[in-house]
Amino acid sequence: MKQIFSKRVRTVLLAAVLLTIVLSVAASALGFTLPDVAVQTILQPLRSGAQAMTRQAEGIYSYLFRYEALEEQVKALEAENAQLREEVRAAAALTREVERLNAALDLKTRREDFKLLDAYIIGWDSGDWSEQCIINKGSPSGIQVNQCVITANGEVVGLVTEVGLNYAVVKTVLDSSLEISANIAASGYNGMVQGGYATGEEGYLRMNYLPSDSVICNHDQVVTAGSTLYPRDLVLGSVIDAGFDETGVAKYAILEPAADFGSLEQVFVLTAYATE
């Protein structure tokens, strides 16, 4: 007789019968009906998968919550760090100001005739052969054209050339057009000091018209000779080089400026002093 079912179909049917028997036995043992067991068998993997997904979602949420909390902490620490840096900067600026005021007080003790007005540099204006700065005080404060400007240590910064209501322009000693009568303090040799732009010594000073037989040494200090614009013995700079000028009948000296123009913040306008 020809077989009705193939071998594969018979195998599937046999497996289904055996599964039915197993489910029936399990249902009897557990007190459930066969449909209940079938449903539980089908749903159990789904429940397990759902529980696994729930646990994974909870883990992701916990991670995100911790990440957000850490991000907030980092932002708070960055803000606190910025505030601390600002406080350190302000403290350093205040320390520098106190040191300058103490130095100015010491200068006034040594030069009782000096009347000083402090001011802050608010801008620079540099060009070929010229160098000037702008300070935050003007005519209402008593500033006038041709007043000498110095540091707290008595180092020459320059000369006031323009005055407004709330500002003044100071042409510095680095400017080639500014000439100052000066002496080498150790020897008394006299000459004229001006900015070195015109002769290629940018950022330095040049002292011209020194005697051809003068003995000039490195580190010799150069000070103002005294005039209606500049009191005596204000420091201009110190010698770093010397030689004969192009005529061969006079010497010159190259000076390192005494005032540190690279870090200059506060200056003092000499509004009055005793002339000799």
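Basis of the calculations
Residues numbered from 1 in each chain as written. Predicted model: local features only at pLDDT ≥ 70, side-chain atom pairs only at ≥ 80, totals over all residues. Heavy atoms only, no water. Salt bridge = Lys/Arg side-chain N within 4 Å of Asp/Glu carboxyl O. Buried < 20%, exposed > 50% of the residue type's maximum accessible area, 1.4 Å probe, protein only. Phe/Tyr/Trp six-rings, centres within 6.5 Å; stacked < 30°, edge-to-face > 60°. Helix = DSSP H or I, 4+ residues; strand = E, 2+ residues; numbered from the N terminus. Lys NZ or Arg CZ within 6 Å of the ring centre and 35° of its normal. Contact = heavy atoms within 4.5 Å. Pairing = 2+ DSSP bridges. Axes fitted to C-alpha atoms, helices over the stretch in contact; angles between N-to-C directions. Core = buried A, V, L, I, M, F, W, Y, C linked by side-chain atoms within 4.5 Å.

Caption draft 1: Representation of the pattern of salt bridges within the structure. Applying the stated rule across the entire model yields 1 salt bridge. Between Arg 206 and Glu 201 there is a salt bridge, with its nearest N and O atoms 3.6 Å apart. Relative accessible area serves as the criterion here: at 8%, Arg 206 is assigned to the buried category.

Caption draft 2: Local environment of the packing of aromatic side chains. A full pass over the atoms with the stated rule returns 1 aromatic pair. Ring geometry for Trp 124 against Phe 261: centres 6.4 Å apart, planes inclined by 75 degrees, an arrangement best described as edge-to-face. Of this pair, Trp 124 sits in strand S1 (residues 115–127) while Phe 261 sits in the loop between strand S11 (250–257) and strand S12 (266–272), placing them 137 residues apart in sequence. Exposure remark for Trp 124: the relative accessible area of 37% places this residue in the partly exposed category. You can call Phe 261 buried: its relative accessible area is 15%. The ring of Tyr 252 carries Arg 206 above its face, with NZ or CZ at 3.9 Å from the centroid.

Caption draft 3: Main features of the environment of Arg 100. With respect to the helices and strands, the residue Arg 100 is situated in helix H2 (residues 34–110). Look past the residues within four positions of Arg 100 in its chain and what remains in contact with it is Tyr 120, Ala 152, Glu 265, Gln 266 and Phe 268.

Caption draft 4: Layout of the sheet that holds S11. With respect to topology, 6 strands assemble into a closed barrel ordered S6-S7-S8-S11-S10-S9, the strand pairing being antiparallel. Pairs of neighbouring strands in the sheet enclose a mean axial angle of 40 degrees, with direction left out of account. Bridging between strand S8 (residues 205–211) and S11 involves 5 bridges; their strand directions are antiparallel. What sits directly across from Met 207, in S11, is Ala 253.

Caption draft 5: Structural detail: unusual backbone geometry. A positive phi is found at Asn 146, a non-glycine position, where the angle reads about 75 degrees. Structurally, the position occupied by Asn 146 is in the loop between strand S2 (130–135) and strand S3 (148–150).

Caption draft 6: Looking closely at the side chain of Glu 155. By the secondary structure assignment, Glu 155 is in the loop between S3 and strand S4 (156–163). Residue Glu 155 is classed as buried on the basis of its relative accessible area of 18%.

Caption draft 7: The arrangement of the nonpolar core in detail. Ranked by size, the top nonpolar core spans 46 residues in total, and within it Ile 135, Val 193, Met 207, Val 222, Leu 236, Leu 255 and Val 267 carry the most contacts. Once residues within four sequence positions are removed from consideration, Leu 236 is found in contact with Val 156, Val 173, Ile 180, Ala 182, Val 193, Leu 205, Val 222, Val 223, Thr 224, Glu 256, Pro 257 and Ala 258.

Caption draft 8: How the structure looks around the environment of Ile 240. In this structure, Ile 240 sits in strand S10 (residues 235–244). Since its relative accessible area comes to 36%, Ile 240 is described here as partly exposed. C-alpha separation for the pair Ile 240 and Glu 256, spaced 16 residues apart in sequence, amounts to 6.5 Å. For Ile 240, the residues in contact, after removing those within four places along its chain, are Tyr 204, Asn 218, Ile 254, Leu 255 and Glu 256.

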